[in-house]
Amino acid sequence: MSAFNLETCARPNILALEPYRCARDDYKDDGTNILLDANENAYGPAINPNDVSRTSGPSLDFLGLHRYPDPHQHDLKQLLCNLRNTHAHTPKTLTPEHLFVGVGSDEAIDALLRCFCVPGRDRILVCPPTYGMYSVSAQVNDVGLVKVPLLPAPDFQLDVDAISRTLSSEDGKTVKLVYLCSPGNPTGSLLSKSSVQQILAHPTWNGVVVLDEAYIDFAHPDASLAELVTEHPNLVVCQTLSKAFGMAGIRLGAAFASPPVARLLNALKAPYNVSSPTAVIASYALDPEKGLKVMREKVARIAAQRDRLLEELPKVPGVGRLRGGKESNFLLYEILDRDGKPDNVTALAVYERLAEEKGVVVRFRGREHGCEGCLRITVGTEEEVTRFLEALRRTLGEVRGAAAKENEERREVAASGIVG
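Figured I'd write up the structure that's included with this text.

Rules used throughout
- Numbers given to residues run from 1 along each chain, matching the order in which its sequence is written.
- Totals for whole chains, interfaces and linings use all residues, but because this is a predicted model, local features are given only for residues with pLDDT of at least 70 and pairs of side-chain atoms are given and counted only at 80 or more.
- No hydrogens and no water enter the side-chain calculation; it runs on all heavy atoms of the structure.
- The definitions used throughout rest on a 1 Å grid laid over the protein atoms alone, on which a cavity is an enclosed set of points accommodating a 1.4 Å probe that cannot get out and a pocket is an open set flanked by protein within 12 Å on both sides along at least five of seven lines; lining residues are those having an atom within 4 Å of a point.
- Grid points are joined across faces, edges and corners, and a volume is the space filled by probe spheres set on the points.
- Any residue that is not Ala, Val, Leu, Ile, Met, Phe, Trp, Tyr, Cys, Pro, Asp, Glu, Lys or Arg is counted as polar, Gly included; the first ten are nonpolar and the last four charged.
- Each helix corresponds to a stretch of at least 4 residues labelled H or I by DSSP, and each strand to a stretch of at least 2 residues labelled E; elements are numbered beginning at the N terminus.
- DSSP-based pairing: two strands are paired if at least 2 bridges between them are found.
- Helix axes are fitted to C-alpha atoms over the stretch in contact, other axes to C-alpha atoms as well, and angles between N-to-C directions run from 0 to 180 degrees.
- Criterion for a salt bridge: a side-chain nitrogen of Lys or Arg within 4 Å of a carboxyl oxygen of Asp or Glu.
- For every residue, the accessible area (1.4 Å probe, protein chains only) is compared with the maximum for its type, and the residue is labelled buried under 20%, exposed over 50%, or partly exposed between those bounds.
- In this scheme Phe, Tyr and Trp rings, the latter by its six-membered ring, pair at centre separations within 6.5 Å, and the angle between planes marks the pair as stacked below 30 degrees, edge-to-face above 60, and tilted otherwise.
- Distance and angle both matter: a charge sits over a ring if NZ of Lys or CZ of Arg is within 6 Å of the ring centre and within 35 degrees of the ring normal.
- Should an angle fall under 35 degrees it is taken as roughly parallel, and over 145 as roughly antiparallel, whereas 65 to 115 is taken as roughly perpendicular and any remaining angle as oblique.
- By definition in these notes, contact holds between two residues if any of their heavy atoms fall within 4.5 Å.
- In a helix, the anticipated span is given by 1.5 Å times the number of residues less one.
- Arc definition: directions from the helix axis to the C-beta atoms.
- Take the buried residues of types Ala, Val, Leu, Ile, Met, Phe, Trp, Tyr and Cys, join any two whose side-chain atoms come within 4.5 Å, and each joined set is a nonpolar core.

### Brief notes about empty space enclosed by the protein
Line of reasoning, step 1. The tally for this structure, following the rule as stated, stands at 3 cavities of 30 Å³ or more.
Line of reasoning, step 2. Taken as a whole, the largest cavity encloses approximately 80 Å³ of empty space.
Line of reasoning, step 3. Contributing to the lining of the largest cavity are 15 residues, with Cys127, Pro129, Thr130, Leu150 and Cys181 lying nearest its centre.
Line of reasoning, step 4. Residue composition of the lining of the largest cavity, grouped by class: 10 nonpolar, 5 polar and no charged.
Line of reasoning, step 5. By volume, the second largest cavity is sized at about 50 Å³.
Line of reasoning, step 6. Contributing to the lining of the second largest cavity are Leu80, Leu83, Arg84, Asp217, Gln239, Thr240, Leu241, Phe245, Leu252, Gly253 and Ala254.
Line of reasoning, step 7. Within the residue set of the lining of the second largest cavity, elements represented by two or more residues are helix H4 (74–84), strand E7 (235–240) and strand E8 (252–257).
Line of reasoning, step 8. When its residues are assigned to classes, the lining of the second largest cavity shows 6 nonpolar, 3 polar and 2 charged.

### A short note on the sheet that holds strand E6 (residues 208–212)
Line of reasoning, step 1. Pairing is mixed across the open sheet formed by 7 strands, whose spatial order is E2-E8-E7-E6-E5-E3-E4. Looking at strand neighbours, the two that pair on one side only are strand E2 (99–103) and strand E4 (144–147), the edges of this open sheet. Strand after strand, the sheet turns through a mean of 25° between neighbouring axes, direction not considered.

### Here's the deal with the pattern of salt bridges
Line of reasoning, step 1. As enumerated under the stated definition, the model contains 16 salt bridges in all.
Line of reasoning, step 2. Notably, a salt bridge pairs arginine 121 with aspartate 122, separated by 3.1 Å at the nearest N-O pair.
Line of reasoning, step 3. Classification of aspartate 122 as buried rests on a relative accessible area of 2%.
Line of reasoning, step 4. As a salt-bridge pair, lysine 176 and aspartate 122 come within 3.2 Å of each other at their nearest N and O atoms. With lysine 176 in strand E5 (residues 175–181) and aspartate 122 in the loop between helix H5 (104–116) and strand E3 (123–126), the pair connects residues that are 54 residues apart, well separated along the chain. Comparing lysine 176 with aspartate 122, the two get one shared label, buried.
Line of reasoning, step 5. Here the salt bridges do not stand alone but share partners, grouping Glu311, Glu312, Lys315 and Arg393 into one network.

### A word on the pairing of strand E13 (residues 374–378)
Line of reasoning, step 1. Burial runs high along E13: 5 of the 5 residues are buried.
Line of reasoning, step 2. Alternating residues of E13 divide into Cys374, Arg376 and Thr378 and Leu375 and Ile377, and every residue in both groups is buried.
Line of reasoning, step 3. Pairing of strand E12 (residues 363–364) with E13, which is carried by 2 bridges, proceeds in the antiparallel orientation. Bridge pairing in E13 places arginine 363 opposite arginine 376.

### A short note on unusual backbone geometry
Line of reasoning, step 1. Here the amide bond leading from alanine 153 into proline 154 is cis, since omega sits at 10°, within 30 degrees of zero.
Line of reasoning, step 2. By the secondary structure assignment, proline 154 is in the loop between E4 and helix H7 (160–168).
Line of reasoning, step 3. Positive phi values are uncommon outside glycine, yet aspartate 142 reaches one of about 55°.
Line of reasoning, step 4. Here the phi dihedral of arginine 251 falls at roughly 55°; this positive angle occurs in a residue that is not glycine.
Line of reasoning, step 5. Mapped onto the fold, arginine 251 is located in the loop between E7 and E8.
Line of reasoning, step 6. Judged by its relative accessible area of 32%, arginine 251 falls in the partly exposed class.

### A short note on the packing of aromatic side chains
Line of reasoning, step 1. Applying the stated criterion across every chain yields a total of 5 aromatic pairs.
Line of reasoning, step 2. Plain terms: the ring middles of tyrosine 134 and tyrosine 179 are 5.0 Å apart, the flat faces sit at 20° to each other, and that makes the pair stacked. One end of the pair, tyrosine 134, is in helix H6 (residues 133–140); the other, tyrosine 179, is in strand E5, with 45 residues separating them in the sequence. Both residues of the pair, tyrosine 134 and tyrosine 179, belong to the buried class.
Line of reasoning, step 3. Connected via pairs of aromatic rings, a cluster forms that spans Tyr131, Tyr134 and Tyr179.
Line of reasoning, step 4. The side chain of arginine 376 reaches across the aromatic face of phenylalanine 330, ending 5.6 Å from its centre.

### As for the packing of H5 against helix H9 (residues 259–268)
Line of reasoning, step 1. At their nearest, the axes of H5 and H9 sit 10 Å apart, and the two run at 100° to each other. Of the possible angle classes, the one that applies to H5 and H9 is roughly perpendicular. Along the contact surface, H5 presents Ala111, Leu112, Arg114, Cys115 and Phe116, while H9 presents Val261, Leu264, Leu265 and Leu268.
Line of reasoning, step 2. Taken together, the residues that form the contact of H5 with H9 break down as 8 nonpolar, no polar and 1 charged.

### Examining helix H11 (residues 291–312)
Line of reasoning, step 1. Between its first and last C-alpha atoms H11 spans 31 Å; for 22 residues at 1.5 Å apiece the expected length is 32 Å, and the two agree.
Line of reasoning, step 2. For H11, the complete set of buried residues consists of Gly291, Leu292, Val294, Met295, Lys298, Val299, Ile302, Gln305, Arg306, Leu309 and Leu310. Projection of H11 onto a plane perpendicular to its axis shows the buried side chains occupying an angular sector of 150°, all on one side.

### Overview of the nonpolar core
Line of reasoning, step 1. Residues Leu158, Leu180, Phe245 and Phe388 are the most contacted members of the largest nonpolar core, which totals 92 residues.
Line of reasoning, step 2. It is helix H13 (residues 382–419) that provides the largest number of residues to this core, a total of 7 residues.
Line of reasoning, step 3. Those residues within four positions of phenylalanine 388 in sequence are excluded, and the remaining contacts are Leu36, Leu309, Leu313, Leu354, Val360, Val362 and Ile377.
Line of reasoning, step 4. Within the second largest apolar cluster, 27 residues are counted, among which are Met133, Cys238, Val261 and Leu265.

Shown next as structure tokens:
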């Protein structure tokens, strides 16, 4: 019999991992559900339908699959530079030497940990509520976690003083990476440029600020700070084509960094980490007259539905305040109990009923720091938003009505007990 024992053979930090979960782990899509949980682009990919049927040509040529893909992706990197060279923040210019491209932004998040953190010794700093994969990747790499919460809602901005104190402390010497999310997930808030720059300028901390801009194309045109990597050698800006470009399925992410840091990331990666089909579709998406034009048209449609939700949700009885910002393709709203207070029990009941009975899947976020009673709602198409609003009105009425009935029954039982 083999002496193999998984519990003693595998790394303890891996055995302790809880897999990343999403709402679709609980509610499988049968093709009829409205999926407003994962912050995807509901209007679809940044592809002109007239180009989909093409089998060859410069835009969507899938031939040559018997060859390994380009390991350097210089042309694709140049298109990404063209997109982010706005010169809104610096006169300096991004070049392909400033770029790493990989399998979604998650590859860059993990690669940075492997570049800068010694397992079992070093740590990263995160600012909850934030994207869960930072802590998952840290645990995979046996890297510790330091948490400095964002300032309270509704702004959810960086607590620069608390972060600076942490980085200045003795414990701060082992913090090698600070992961920041802008616009935040689940907050939707764009972090202030000055706050990020204050952390970058910390006088004693020797580490890297990683700014995750997955949702940046839903904010104003000059919102991205990617070109600031030309000014700050300790800044890395991660982006993806999964959100505004509607191309979650091709798994293309990018990290803008100073050339020395970019070289480290490129040296660390697998030789052919970006597939040929992914590179072809991504290059199409970033072409100003093709995919980029389509992306901006669809983002405008999403913004219109976002504005509609901002107008309509406050009118729904039982919906509370907007928590966070409006700079992404999702919104974070409180769900209120019968007393008008944000409540996790009510919010969770609404989340479950929406999915199980109405076929509308959103995301419960009430267990995250500063998000008591909150649901995160991805902005859908016009038809999806209409169905969501109708379902939410009915569901909130049912849940709050059931709660009122239960409270009344409890009062009657208590009263009868006193009389007896």
